[in-house]
Amino acid sequence: MIGEFSTPHALVDATRTMRERGFTHMDTYSPYPLHGGSEALGLPRSKVPLLALIGGLTGVATAFTFQTWMNTIDYPLNVGGRPTFSWPMWVPIMFELGVLLAAFSIFFGLLGLSRLPQPYHPVFESEAFRSASTHGYWLSVEAKGEQSSERISQELGALGATHTEVVKGERE
Amino acid sequence: MARPAPSAPIPGEPLVELPLLEGRHTDAELTHSLLYPVDRRGGRAFWALVLLALAGVGYFLVSVVVTVLVGIGAWGNNIPVAWAFGIINFVWWIGIGHAGTLISAILLLLQQKWRSSINRIAETMTLFAVMMAAMFPLLHLGRPWFFYWLAPYPSTTRTWPQFRSALTWDMAAITTYFTVSFLFWYLGLLPDLASARDAARSPRKRWWYGLACLGWRGSARHWYHWRVGYLLLAGLATPLVVSVHTLVSFDFAISQLPGWHSTIFPPYFVAGAIFSGLAMVLTLLLPARRVLRLTHVVTMAHVDALCRLLLVTGSIVAYAYLHEHFIAWYSASTFERSIYHTFRTGPFAPIFWLTVFCNVLVPQLFWSRRLRRNLVVVWVAALLVNVGMWSERFVIIAVSLTRTQLPSAWAGYSPTWVDWGLLSGSISLFLLLFLVTVKVVPPVPISETKELQRQVDEAEAFLREVEATRGGGGAR
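Remember, it's a predicted structure, so these values are computed and weren't measured experimentally.

Each value, and the rule that gives it
Residues numbered from 1 in each chain as written. Chains lettered and ligands numbered in written order. Predicted model: local features only at pLDDT ≥ 70, side-chain atom pairs only at ≥ 80, totals over all residues. Heavy atoms only, no water. Helix = DSSP H or I, 4+ residues; strand = E, 2+ residues; numbered from the N terminus. Buried < 20%, exposed > 50% of the residue type's maximum accessible area, 1.4 Å probe, protein only. Areas by Shrake-Rupley, 256 points an atom, 1.4 Å probe, with all protein chains shown as cover. Lys, Arg positive; Asp, Glu negative; His and termini not counted. Charge placed at Lys NZ, Arg CZ, Asp CG, Glu CD. Rg over C-alpha atoms; globule rule 2.2 N^0.38 Å. Contact = heavy atoms within 4.5 Å. Buried area = accessible area lost by both parts, 1.4 Å probe. Salt bridge = Lys/Arg side-chain N within 4 Å of Asp/Glu carboxyl O. Polar contact = N/O pair within 3.5 Å; in protein donor to acceptor, adjacent residues only side chain to side chain. Core = buried A, V, L, I, M, F, W, Y, C linked by side-chain atoms within 4.5 Å. Expected span 1.5 Å × (residues − 1). Phe/Tyr/Trp six-rings, centres within 6.5 Å; stacked < 30°, edge-to-face > 60°. Lys NZ or Arg CZ within 6 Å of the ring centre and 35° of its normal. Axes fitted to C-alpha atoms, helices over the stretch in contact; angles between N-to-C directions. Parallel < 35°, antiparallel > 145°, perpendicular 65-115°, else oblique. Left-handed = near helix turned anticlockwise from the far one by under 90°. Nonpolar A, V, L, I, M, F, W, Y, C, P; charged D, E, K, R; others polar. Pairing = 2+ DSSP bridges. Patch = residues over 30% accessible without salt bridge, like charges linked within 9 Å, V, L, I, M, F, W, Y side chains within 5 Å. pLDDT = per-residue confidence, 0-100.

J.: I tried to follow the overall build of chain B on my own but got confused; where do I start?
T.: When its secondary structure is counted, chain B shows 16 helices and zero strands. Projected onto its principal axes, the C-alpha coordinates of chain B cover approximately 85 × 55 × 45 Å. Each of the 476 residues in chain B was classed as buried or not, and the buried ones make up 58%. Carbon and sulfur atoms make up 70% of the accessible area of chain B, which totals about 20,100 Å². Charge centroids of chain B, computed over 37 positive and 23 negative side chains, lie 5 Å from each other.

The structure is reproduced here in structure tokens:
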């Protein structure tokens, strides 16, 4: 069940009310991030920063280990008797690889957490839903058991939805 | 809080001289106007520019083929001037890229609202500038097909790269810089590609944009992770701005050559990089905002802010020049004094003074508010800064090399037609890639502009509320 609202405030308020009334499996769709939208849905803390930290530390550790092994142990080059374990010279690449792997973790981590790429989703069945990325503010509520689509439609209408529609399809 | 009226007037706040968005636009209008460059077929001027760029790319291809077949001997390089146009172009292009990252990442972290209309153009510029930059060291290898020797891979010779060399650092810095810039650009693009998909009229366009946006549907979960990730990537890109040109400057600073061996190089190069990049942003932005009909989102406020930044970074560069020459004199080193004397009075002195004119004197125009808002002056000044930054690198790299410590090894330098072909050809290729890209992807971030419009509305509603309560108090 999807419903369109005309302003972002109406959508956020409606989301909060619906959640308080015990509806689950909800999601909002908007052309830009909504102020207070994730709080209204009660989303848990994003795991993206954790992934970034793990990626960054992996990069730094990998760069340190590889450079030490390659230039000190496996193929030591004696340049004018300078120490072969000259770790300060490895800092630039440690930094760069740390940034690189952190960036990869953020990018692929956030795609994974958002379950993208996802070429098909039931909401795309609705032609009117095309406004979700341009100027519409949508709320989706899964109809299940006693929470029939008629009841959801009534609730959404009462909360100010300008348009409601049923879309059918498999989740994921 | 009161709901904002749909057509609120821009409040006359004393600190806000120029509006960030001209007029008030609904979400649907913004979608339409910002997708205009993508929706419309290119006009005659567009195709004329594409043809011009293609001609330049032809010259470029000939130069590349000659370089690969003949070798570096086709260039004007000699001994001792072993580094010339190849490295000058590399440093120039990579420096240009830095302003894009500054605008997209540092200004995002500093919550500068004006970045959001111009960050896509600046990031696109960064991507292609880094691509152009990366080509030159590869060509300079003479045998570009062995470029992978720089990467650590288990070879049958059982050797490994020397990680104490600035050249391996360079390779790591540039590949990381390009990758992170690309991810940042693409991540910011996802919601806009979804807008382009949903606003597309032909099914074929819809299919391609649908594929490119990876099925983005603007879900709260998408936005939630996207926001966190975007901010974190900006945080990562920020030290990259400083580090990449620092590592490039190490190529010079850690050598023994007079004119190169200097500790001021890292900050000097970073400031110069941002300076040249801002100039390139202005060079591209001023025609683009008019042709692509973006004057309502890229306003005089943006031009004004960019000019101020140009003045600030230009002043840092001017200080670095002064400092360099002072330290050369103060060091009392014969070689240092001699090379800086050569810069000022030697055979390449006109190029040095051209650098001073373009990079030190021209930005001083922007102390004047009137000149900051005169688009012709700004555009010409930006072009001059581009020229000035290229000639600065010519003086640092090629002129320093003509005078080494050993006078018997001194030599002159003159570029060949292949050198000029690579320089002008890389500019043409850059222009071509930029032109194609602004026709394919939305050149202004649509979602961010809508968010900005919402914030402007709320600020205005707040102002009105404050004024209403104040007015009520005064009447009593």
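J.: Could you clarify how one ought to interpret the overall build of chain A in this entry?
T.: When helices and strands are tallied, chain A shows five helices and four strands. Of the regular secondary structure in chain A, the N- to C-terminal order runs β-α-β-α-α-α-β-α-β. Scaling as 2.2 N^0.38, a compact globule of 172 residues should have a C-alpha radius of gyration of about 16 Å, whereas chain A reaches 25 Å, well beyond that. Its C-alpha atoms put chain A at 80 × 30 × 25 Å along the principal axes.

J.: What is the right way to look at the interface of chain A and chain B in this model?
T.: It is common to give the size of an interface as the accessible area lost on bringing the parts into contact. Taken together, the contact pairs 60 residues of chain A with 58 residues of chain B. Summed over both partners, the interface of chain A with chain B buries about 5,400 Å², with 66% contributed by carbon and sulfur atoms. At the surface where chain A touches chain B, the tally comes to one salt bridge. Measuring nitrogen to oxygen at the nearest pair gives 3.2 Å for the salt bridge that ties A:Asp27 to B:Arg221. Seen at the junction of chain A and chain B, the total is 31 residue pairs in polar contact (both at pLDDT 80 or more). For the side of chain A that touches chain B, the elements supplying multiple residues, two or more each, are α1 (8-20), β2 (26-29), α2 (37-41), α3 (48-74) and α4 (91-113) of chain A.

J.: Looking at this structure, I do not really get the nonpolar core. What am I missing?
T.: Generally speaking, soluble globular proteins have nonpolar side chains that are buried together. Ranked by size, the top nonpolar core spans 166 residues in total, and within it B:Trp93, B:Ile94, B:Leu233, B:Phe252, B:Leu306, B:Phe394 and B:Phe430 carry the most contacts. Non-local contacts of B:Ile94, meaning those with residues more than four positions away in its chain, are made with B:Val130, B:Ala133, B:Ile174, B:Tyr177, B:Val244, B:His245 and B:Val248. Counting residues in each nonpolar core, the second largest holds 21 residues, with A:Val12, A:Ala14, A:Met26 and A:Leu41 among its members.

J.: Would you take a moment to explain the pattern of salt bridges for this structure?
T.: If charged atoms from side chains of opposite charge come close, those side chains can pair. Counted according to the given criterion, the structure contains 15 salt bridges over all chains. For A:Arg21, the salt bridge is made with A:Glu155, and the minimal N-O distance between the two is 2.3 Å. Of this pair, A:Arg21 sits in the loop between α1 and β2 while A:Glu155 sits in helix α5 (residues 149-158), and the two are 134 residues apart along the sequence. Since its relative accessible area comes to 42%, A:Arg21 is described here as partly exposed. Note that B:Asp304 and B:Arg373 form a salt bridge whose closest N and O atoms lie 3.5 Å from each other. A residue pair is termed long-range when its members are at least 10 positions apart, and B:Asp304 in helix α10 (residues 300-330) and B:Arg373 in the loop between α13 (369-372) and α14 (375-402) qualify at 69 residues. Shared partners join several salt bridges into a network, and the residues in it are B:Asp304, B:Arg308, B:Arg372 and B:Arg373.

J.: Any chance you could explain α3(A) here in plain terms?
T.: Structurally, the α-helix is built with 3.6 residues per turn, so residues lying three or four positions apart point the same way. For α3(A), built from 27 residues, the straight-helix expectation of 39 Å at 1.5 Å per residue is met to within 8% by its first-to-last C-alpha distance of 37 Å. Considered for burial, the residues of α3(A) that qualify are A:Val48, A:Ala52, A:Gly55, A:Gly56, A:Gly59, A:Ala63, A:Gln67, A:Thr68, A:Met70, A:Asn71 and A:Thr72. Lining the buried residues of α3(A) we find α4 of chain A together with α8 (220-253) of chain B.

J.: I keep staring at the packing of aromatic side chains and nothing clicks. Help me out?
T.: Two measures describe an aromatic ring pair: the distance that separates the ring centres and the angle between the ring planes. Residues and elements named next belong to chain B. On inspection of all chains with the given rule, the structure shows 47 aromatic pairs over all chains. Where Trp93 meets Phe430, the ring centres are 4.8 Å apart and the plane angle is 45°; that geometry is what we call tilted. One end of the pair, Trp93, is in helix α4 (residues 85-109); the other, Phe430, is in helix α15 (residues 417-440), and 337 residues separate them in sequence. Residue Trp93 shares its accessibility class with Phe430, and that shared class is buried. Note on Tyr268 and Phe269: the rings are 5.8 Å apart at their centroids and 85° apart in plane angle, and the pair reads as edge-to-face. Neither Tyr268 nor Phe269 differs from the other in exposure class; each is buried. In this structure an aromatic cluster arises from ring pairing among Trp83, Phe252, Trp260, Phe265, Tyr268, Phe269 and Tyr321. Note that Lys439 overlies the ring of Phe46, its terminal NZ or CZ placed 5.6 Å from the centroid.

J.: Whenever I open this one, the packing of α4(B) against helix α5 (residues 115-140) of chain B confuses me. Can you help?
T.: Helix-helix packing is described using two parameters, namely the angle between the two axes and the distance between the axes. All names here are of chain B. Where α4 contacts α5, the axes come no closer than 7 Å and their chain directions differ by 155°. The orientation of α4 with respect to α5, classified from their angle, is roughly antiparallel. Crossing of α4 over α5 shows left-handed handedness. Among the residues forming the contact of α4 with α5, the class breakdown is 18 nonpolar, nine polar and two charged.

J.: Teacher, can you tell me more about the sheet that holds strand β4 (residues 163-165) of chain A here?
T.: The strands that make up a sheet pair up through hydrogen bonds in the backbone, lying either parallel or antiparallel. All names here are of chain A. Judged by pairing direction, the sheet is antiparallel, and its four strands sit side by side in the order β2-β3-β1-β4 without closing on themselves. Two strands close off the open sheet at either side, each with one partner strand: β2 and β4. With strand direction ignored, the average angle separating the axes of adjacent strands in the sheet is 20°. Sheet topology note: the strand β1 (residues 2-5)/β4 ladder contains three bridges and is antiparallel. Its bridge partner lying in β4, Ile2 is registered against Glu165.

J.: It is not clear to me how the side chain of A:Ser30 should be interpreted in this structure. Could you clarify?
T.: The residue A:Ser30 is located in the loop between β2 and α2 in this model. Setting aside chain neighbours within four positions, we find A:Ser30 in contact with A:Ala132, A:Gly136, A:Tyr137, B:Gly218 and B:Trp223.

J.: Can you help me understand the side chain of B:His325 in this one?
T.: Residue position: B:His325 is located in helix α10. Here B:His325 falls in the buried class, since its relative accessible area comes to 14%.

J.: What's the story with the pairing of β1(A) in this structure? I'm lost.
T.: Consecutive side chains along a regular strand alternate between the two faces of the sheet. Residue and element names in this part refer to chain A. Side chains of β1 alternate between two faces, with Ile2 and Glu4 and Gly3 and Phe5 buried alike. Sheet topology note: the β1/strand β3 (residues 137-141) ladder contains four bridges and is antiparallel. Bridging from a neighbouring strand, Phe5 pairs with Tyr137 of β3.

J.: I keep staring at a nonpolar patch on the surface and nothing clicks. Help me out?
T.: A surface patch of nonpolar side chains, amounting to about 560 Å² of accessible area, comprises B:Leu138, B:Leu141, B:Phe147, B:Tyr148, B:Trp149 and B:Tyr153. Considering the arrangement of structural elements, one finds B:Leu141 in the loop between α5 and α6 (166-199).

J.: Got a minute to help me understand the confidence of the model for chain B in this structure?
T.: Reading fine detail from the predicted coordinates is not recommended where pLDDT is low. All names here are of chain B. Chain-level pLDDT for chain B is 88 on average; 95% of the residues reach the 70-or-more range. For chain B, per-element mean pLDDT is lowest for helix α16 (residues 446-475), which scores 76, and highest for helix α12 (residues 349-361), which scores 96. Low pLDDT, under 50, characterises residues 1-11; the predicted model gives this stretch 22 contacts beyond four residues in sequence or across chains. Interface confidence for the predicted complex, given as ipTM, is 0.91, next to a pTM of 0.90.

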